[in-house]
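# Inside the fold
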Amino acid sequence: MASGVTVTDDVITVFNEMKVRKAAATEEEKRMRKKAVLFCLSDDKKKIILEEGREILQGDEGDPYMKFVKMLPPDDCRYALYDATYETKETKKEDLVFIFWAPESAPLKSKMIYASSKDAIKRNFTGIKHEWQVNGLEDIKDRKTLAEKLGGSSVITVEGGAL
């Protein structure tokens, strides 16, 4: 079910910047890359926009995954991109994860409009390998749940932390 919601150019630009990793990037450029961003609906509910001030950069201090979890609003829906760094038994990897955050406590109308608008944003995010619908902090607070989405039992670390 399409909602008629459109995606702003800013959202597409951020996705493309997160997707493309420049091998020749300087340390400063690497630190300024986005690790996670949140997207929300505009006030008129007609566009999906970048949520101001809701991002984590690669160079930020602390545990990026826990910071990301704390950024999610407890009572409303969001879309998010998270650039997960993880290790399997064979190799180190980085993958973008598209997350649809729809907590139980969000208003029903919000859940419905976000759910019906999800395809609009996903159509613009070509090449996403991992999609995750999360319905509460219990589903997301533990790295093990993210590890399952990324590759199941073959994942041994997420964001440098053992599981």
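Before going into details, it helps to say that this report is about the structure given with it.

Reading the values: rules and limits
Chains are numbered independently. Their residues run from 1 in the order of the written sequence. For a predicted model such as this one, the threshold for reporting local features is a pLDDT of at least 70, and the threshold for listing and counting side-chain atom pairs is 80 or more; totals across whole chains, interfaces and linings nevertheless cover every residue. Only heavy atoms go into the side-chain values, all of them from the structure, while hydrogens and water stay out. Strands here are runs of E lasting at least two residues and helices are runs of H or I lasting at least four, both read from the DSSP assignment and numbered beginning at the N terminus. In this description the radius of gyration comes from C-alpha coordinates, and the expected globular size is given by 2.2 Å times residues to the power 0.38. Throughout this description, buried means an accessible area under 20% of the type-specific maximum (1.4 Å probe, protein chains only), exposed means over 50%, and partly exposed covers the range between. Any two residues having at least one pair of non-hydrogen atoms within 4.5 Å are treated as being in contact. In these tables, accessible area is a Shrake-Rupley quantity obtained with a 1.4 Å probe, and a residue counts as shielded only by the protein chains included in the view. In summary, the charge assignment counts Lys and Arg as positive and Asp and Glu as negative, without counting His or the chain termini. To locate a charge, take atom NZ for lysine, CZ for arginine, CG for aspartate or CD for glutamate. Definitions used throughout: a 1 Å grid over protein atoms alone; a cavity as a set of points that fits a 1.4 Å probe which cannot get out; a pocket as an open set with protein on both sides within 12 Å along at least five of seven lines; a lining residue as one with an atom within 4 Å of a point. Grid points are joined across faces, edges and corners, and a volume is the space filled by probe spheres set on the points. Residue polarity follows a fixed list, in which Ala, Val, Leu, Ile, Met, Phe, Trp, Tyr, Cys and Pro are nonpolar, Asp, Glu, Lys and Arg are charged, and the others, Gly among them, are polar. One bridge is not enough; two strands pair if DSSP finds at least two bridges between them. Cysteine sulfur atoms are paired as a disulfide whenever they come within 2.5 Å of each other. In this description, one arc is meant: the one made by directions from the helix axis to the C-beta atoms.

## Concerning the overall build of the protein chain
The helix and strand inventory of the protein chain stands at six helices and eight strands. Ordered by position in the sequence, the α and β elements of the protein chain form the string β-α-α-β-β-α-β-β-α-β-α-α-β-β. Whereas a compact globule of 163 residues would reach a radius of gyration of roughly 15 Å, the protein chain reaches 16 Å, a difference of no more than 12%. Taken along its principal axes, the extent of the C-alpha atoms in the protein chain is 45 × 35 × 25 Å. Relative to its full complement of 163 residues, the protein chain shows a buried share of 44%. The long-range fraction of contacts in the protein chain, counting pairs at least 24 apart against all pairs at least 6 apart in sequence, stands at 64%. Accessible surface for the protein chain amounts to roughly 9,000 Å². Of this, 51% is attributable to carbon and sulfur atoms. The distance from the centre of the 28 positive side-chain charges to the centre of the 29 negative ones in the protein chain is 3 Å.

## A word on the layout of surface pockets
Each pocket or cavity is described by its volume, and for the second largest pocket that value is around 170 Å³. In this structure, the second largest pocket is lined by R21, E27, K30, R31, R33, K35, Q58, G59, T85 and E94. Tallying contributions element by element places helix α2 (residues 27-32) first for the lining of the second largest pocket, with three residues. Looking at the lining of the second largest pocket residue by residue, the class counts come to no nonpolar, three polar and seven charged.

## Looking at the pairing of strand β3 (residues 47-57)
Bridge count between strand β1 (residues 6-7) and β3: two bridges; the pairing is parallel. Its bridge partner lying in β3, V7 is registered against I48. Of the pairings in the sheet, the one linking strand β2 (residues 34-41) to β3 comprises six bridges and is antiparallel in character. Looking across to β3, one finds that C40 is bridged to I49.

## Side note on the state of the cysteines
Every disulfide links exactly two cysteines, by a covalent bond between their sulfur atoms. Taken as a whole and assessed by the stated rule, the structure comprises zero disulfides. Here C40 is not cross-linked by a disulfide; its sulfur's nearest cysteine counterpart is in C77, at 11 Å.

## Quick look at the pairing of strand β4 (residues 78-88)
Counting buried positions along β4 gives nine out of 11 residues, so the element sits mostly inside the fold. As paired strands, β2 and β4 are joined by four bridges and run antiparallel to one another. Looking at the pairing, L38 lines up with A80 of β4. If you look at the hairpin formed by β4 and strand β5 (residues 92-101), you'll find three residues sitting between the two strands.

## Some details on helix α1 (residues 9-19)
The complete set of buried residues in α1 reads V11, V14, F15 and M18. The buried residues of α1 occupy an angular sector of 100° when the element is viewed end-on, so they sit on one face. Buried-residue contacts for α1 involve β1, β2, β3, β4, β5 and α4 (108-124).

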